[in-house]
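Structural description and commentary
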Amino acid sequence: MTEIQDQIEDARRRVEICQRRAERPGAGIEDELTLQSARNRLLTLELHVLRRVVALQRKLGKGPGGPMAVPEPARPQKHRRMSARERAEAAFAKLQKGGA
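Residues numbered from 1 in each chain as written. Predicted model: local features only at pLDDT ≥ 70, side-chain atom pairs only at ≥ 80, totals over all residues. Heavy atoms only, no water.

Digging into the overall build of the chain
A count of helical and extended segments in the chain gives three helices and zero strands. Counting from the amino terminus, the chain carries its helices and strands in the arrangement α-α-α. The proportion of buried residues among the 100 residues of the chain is 12%. Sequence-distant contacts in the chain: of pairs separated by 6 or more residues, those separated by 24 or more amount to 48%. (Helix = DSSP H or I, 4+ residues; strand = E, 2+ residues; numbered from the N terminus. Buried < 20%, exposed > 50% of the residue type's maximum accessible area, 1.4 Å probe, protein only. Contact = heavy atoms within 4.5 Å.)

Rendered as structure tokens:
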């Protein structure tokens with residue numbers, strides 16, 4: 001975990017450096033692109049750490065998804081469209097029930 005923390009610190013420093021370059025009066029699009037790339041790297045590393053923390057909490061039974069967690073409400077199922085054959089069979093069955 002300390003290795004990834006070191007990577008995060010390096011990424012933060014890199015973002016600061018790139019931000020200073022991008023804020024200069026003569027900064028070009030390359031500087032903006034480099035800044036965005038550095039920010040994305042930092043966010044990716046932080047997301048990786050957060051996912052690890054959530055996984056550990058779930059494993060230990062703490063936080064969302066643990067054994068005592070309240071289950072999420074079920075989502076209503078989407079109705080799939082009936083094919084022409086299924087519609088015809090349903091109509092035929094309805095006619096047989098009503099006619100007989």
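Some points on helix H2 (residues 29–60)
Two residues of an α-helix separated by three or four positions point the same way, owing to the 3.6 residues in each turn. Counted at 1.5 Å a residue, the expected span for H2 with its 32 residues is 46 Å, and the 47 Å between its end C-alpha atoms agrees. Buried within H2 are the following residues: Leu35, Ala38, Leu42, Leu45 and Val49. Check the buried side of H2 and you find it contacts helix H1 (2–23). At the exit of H2 stands Gly61, carrying a positive phi of roughly 85°. (Expected span 1.5 Å × (residues − 1).)

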